[in-house]
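# Architecture and fold: a report
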Amino acid sequence: MTCKPTQTPAPEEFDIPSLREKYRQERDKRLRSDRQDQYVPSNADVTHSYDVDPHMPVTAREPISEDLDVVVLGAGFAGILASYHLTKAGVTNFRNIDHAGDFGGVWYWNRYPGIQCDNDAYCYLPLLEETGFMPSKKFADGAEIYEYCKLMARKFGFHDKAVLHTLITSLRWDEEIGRWRVGTSRGDEFRARFIIMGCGVLNMPKLPGIPGIDQFKGKLFHSARWEYDYTGGSYQNPVLDKLADKRVAIIGTGATAIQAVPHLARYAKQLYVIQRTPSTVDERPNPPTDPDWAKSLEPGWQDERKANFHRAAMEFFAPGEEDQICDIWTEITRNLAAELAAEGWPQLAPEEFMARREVVDYRVMERLRGRVETMVEDKETAESLKPWYRFLCKRPLSSNEFYGVFNQPNVKLIDVSDTKGLERITEKGFVANGIEYEIDCLICASGFEVTSELKRRWGIDVVEGRGGESIYDHWANGPETLHGTMTRGFPNQFFIGYIQGGLNASVTEQFGRQGYHSAHIISEALKRGLKAVEPTKEAQDAYVRHFHEVEMDMSQFQRECTPSYFTNEGQVKAPWALFRSYGPGWGAFQKLLEDWRAKGDLEGLELRS
Ligand code: NDP
């Protein structure tokens, strides 16, 4: 499966300086001084969208009191991959603890109509060669991914020992017993030698703090807690027939909304799509997986494909390298590589390369803006749906149906870019551009806490290390770690996520490698009979210094973007900004860890028995 470069408008057909100026204006229009504070953390919100499980009843059980080698916080991809690597390393005395009623993480909670993987499932679904599973199509359905999560947990033997529908509320390191005391919403106390924080990155839904949101008298829910009882239909069969007499509004036009909107448009009496920043929405060919192709794959194919995806999305192809992914994520690299190949791969200085890449970026974005015009009949609506920013300022999306819905008489786009978001919510509806629209139902596809302060994202009240120090104070000015994995003062605690390490284009690849590294240290510590491991101050300081010296600096690029969680709402150098990563790249970071593990002496860790 390889593909040709796409046809994009030639540079002579548009004016780059004017486009640059247009991008700047569109960014300025949206920048808000309240940044993350424009959102309401959803564990404190009016819909209780964090606490309530609309998918599965919570059954009563007795509290558990137990010693364990490891508690794995989370049963999403981060927790599953950590558990897989623990098991492979011979550590089996562990439990996954999760707020959800089963394995799956975001794929457990997010069951909105139309939910699909929005990047290549042959890369995104981990361990395909180990499980022998093959996604049924490139952009697999959410239900299939959810089933696959459960399949992995069963196949590798940790499904049935998980403690589910259980929220971890406190983590306290007890120096005397050399264990973490793990408190939960069910009154449990686990005493775990090690803890792996597999919280994920999209675990905590957020709501826009729009004035009046708590006054609305109609139905209100977040897309990550879809209420089929209200809309009609089900996860497996999203026929939203109860909306036939309903006026519905959806806030957001991100990855979630563009998948849900076509279903809402099909069933609602009236649908208002409230848009602050348009997404880039390409076509989405999604044929069933070709069985002959699947049979032809050689061992090691998935790692090779993931590496190809990573180079295309975040680095660049080597001369002669073919694009295996062939979608919107890889288009710029594919097109530029084709140009350079035609020129015999000239030696370009980094600035020349970046300038060439920028031109291809404008061309691709022009193509995508042109796509809107060909699909949306009303000129004003089409104009509002055009994205004016560089590729990768926001997550690139694809849908064959999204633009077409705006040709339906029951669908109206409400552009709220001039007011930096929706102005107001009233008892009966919402106010946009001075007009009140009455609605019955408001759906917030308003995203998740990705880069806000740690406590807001983790939602755990107490995380205390040695001497009762809170991690939230410890990292008040940003994370300090050894290899993004552990921090001094918090023995035996391991972190998974976007934290002082390498950055991969695939979140599951990132989590998997982190899980592997954590499992390696834990299994070594257990083999050596160690009670506690934590970074020495010297090793941690040296790594943090090194990390900052070589840190990838995307701030110039990001400053020019329209704000979103990709740019930490415009505060690009914030401590938890998403793309603060190891500058020499993903491969170099993995090599650093491999060399460290190969030395075999757990260098830089203080070891206590
Ligand atoms: P996003 O954060 O991407 O989108 C939130 C939307 O809400 C944006 O359009 C945002 O506008 C809008 N919004 C927020 N506040 C307001 C306001 N006050 N007024 C009007 N609009 C507002 O969340 P999603 O749930 O769409 O996606 C989150 C992430 O989930 C994705 O980026 C992706 O990583 C993941 N995802 C992955 C999928 C997969 O298949 N792998 C599928 C779906 C989601 P603005 O852009 O202006 O901030």
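Now for a look at the structure at hand. All values derive from a computational prediction rather than experimental measurement.

Counting its regular elements, the protein chain contains 19 helices and 21 strands. Whereas a compact globule of 609 residues would reach a radius of gyration of roughly 25 Å, the protein chain reaches 24 Å, a difference of no more than 12%. With respect to the principal axes defined by its C-alpha atoms, the protein chain has extents near 70 × 65 × 50 Å. Long-range pairs, those at least 24 residues apart, make up 72% of the contacts in the protein chain between residues at least 6 apart in sequence. The centroid of the 74 positive side-chain charges in the protein chain is displaced by 2 Å from the centroid of its 90 negative side-chain charges.

Strand order in this open sheet of 3 strands is 14-15-16, and the pairing throughout is antiparallel. On the outer flanks of this sheet lie strand 14 (424-425) and strand 16 (435-438), each paired with one strand and no other.

Here the focus is the environment of K386. Relative to the helices and strands, K386 resides in the loop between helix 13 (379-384) and strand 12 (397-398). Taking the C-alpha atoms as reference points, K386 and R371, separated by 15 residues in sequence, lie 9.0 Å from one another. Of note is the side chain of K386, whose polar atom sits 2.4 Å from the side chain of E373.

Attention now moves to the pattern of salt bridges. Two side chains that carry opposite charge are able to pair once their charged atoms sit near each other. Inspection of the entire model under this criterion finds 57 salt bridges. The residue E551 makes a salt bridge to R580 at a minimum N-O spacing of 2.6 Å. Here E551, found in the loop between helix 17 (537-550) and helix 18 (555-559), pairs with R580, found in the loop between helix 18 and helix 19 (586-599); they are 29 residues apart in sequence, far enough to count as distant. Neither E551 nor R580 differs from the other in exposure class; each is buried. K591 is the salt-bridge partner of D595, the closest N and O atoms lying 2.8 Å from each other. Placement of both D595 and K591 in helix 19 is noted, with a separation of 4 residues, approximately one turn of the helix. Residue classification places K591 among the partly exposed positions, given a relative accessible area of 46%. Overlapping salt bridges bring together E175, R466, R488, E534, E606 and R608 as one network.

Moving on to the site of the ligand. The environment of the ligand is formed by 27 residues, the closest being D118, T256, T277, K394 and Y565. Here D118 contributes a backbone N or O atom positioned 2.4 Å from an oxygen atom of the ligand. In this structure, an oxygen atom belonging to the ligand sits 3.4 Å away from a main-chain N or O atom of A445. Surface burial for the ligand is 93%, taken as the share of its 910 Å² of free accessible area covered by protein chains. Along the lines of polarity and charge, the residues of the shell around the ligand split into 14 nonpolar, 9 polar and 4 charged.

Scanning the entire structure with this criterion turns up 2 disulfides. A disulfide bridge connects C3 with C326, and the sulfur atoms are separated by 2.1 Å. With the S-S bond torsion at -100°, the cross-link from C3 to C326 turns out left-handed. Of this pair, C3 sits in the segment before helix 1 (16-30) while C326 is found in the loop between helix 10 (301-314) and helix 11 (331-342), placing the two residues 323 residues apart along the sequence.

Here the focus is the pairing of strand 15 (residues 429-432). Pairing of strand 14 with strand 15 involves 2 bridges; the strand directions are antiparallel. Counted as the bridge partner of I425 is F430 from strand 15. Counting the residues between successive antiparallel strands, the hairpin from strand 14 to strand 15 contains 3 residues. In terms of strand pairing, strand 15 meets strand 16 through 4 bridges, oriented antiparallel. Note on strand 16: the bridge partner recorded for A432 is I435. Linking strand 15 back to strand 16 in an antiparallel pair, the connection comprises 2 residues, with N433 at a positive phi of about 50°.

Right, let's get into helix 11. Taking 1.5 Å as the rise per residue, helix 11 with 12 residues should run 16 Å; its terminal C-alpha atoms sit 17 Å apart, in good agreement. Of all the positions in helix 11, only E331, I332, T333, R334, N335, L336, A337 and L340 are classed as buried. On the buried face of helix 11, the contacting elements are strand 11 (281-282), helix 10 and helix 12 (350-375). Remark: G344 follows helix 11 within two positions and exhibits a positive phi of approximately 75°.

This part is about empty space enclosed by the protein. By the definition in use, this model includes 6 cavities of 30 Å³ or more. Approximately 240 Å³ is the volume attributed to the largest cavity. Along the wall of the largest cavity there are 19 residues; nearest its centre are R457, W458, I496, G497 and Y498. Of the residues contributing to the lining of the largest cavity, the split by class is 14 nonpolar, 3 polar and 2 charged. Empty space within the second largest cavity amounts to approximately 80 Å³. As for the second largest cavity, its lining consists of 13 residues, and the residues nearest its centre are H483, T485, Q514, F589 and L593. Looking at the lining of the second largest cavity, the elements that each hand over two or more residues are helix 16 (507-527) and helix 19. Of the residues in the lining of the second largest cavity, the class split is 3 nonpolar, 9 polar and 1 charged.

Rules behind the numbers
Residues numbered from 1 in each chain as written. Predicted model: local features only at pLDDT ≥ 70, side-chain atom pairs only at ≥ 80, totals over all residues. Heavy atoms only, no water. Helix = DSSP H or I, 4+ residues; strand = E, 2+ residues; numbered from the N terminus. Rg over C-alpha atoms; globule rule 2.2 N^0.38 Å. Contact = heavy atoms within 4.5 Å. Lys, Arg positive; Asp, Glu negative; His and termini not counted. Charge placed at Lys NZ, Arg CZ, Asp CG, Glu CD. Pairing = 2+ DSSP bridges. Polar contact = N/O pair within 3.5 Å; in protein donor to acceptor, adjacent residues only side chain to side chain. Salt bridge = Lys/Arg side-chain N within 4 Å of Asp/Glu carboxyl O. Buried < 20%, exposed > 50% of the residue type's maximum accessible area, 1.4 Å probe, protein only. Near = heavy atom within 4 Å. Areas by Shrake-Rupley, 256 points an atom, 1.4 Å probe, with all protein chains shown as cover. Nonpolar A, V, L, I, M, F, W, Y, C, P; charged D, E, K, R; others polar. Disulfide = S-S within 2.5 Å. Expected span 1.5 Å × (residues − 1). 1 Å grid on protein atoms, 1.4 Å probe; cavity = no way out; pocket = protein on both sides within 12 Å on 5 of 7 lines; lining within 4 Å. Points joined across faces, edges and corners; volume = space filled by probe spheres on them.

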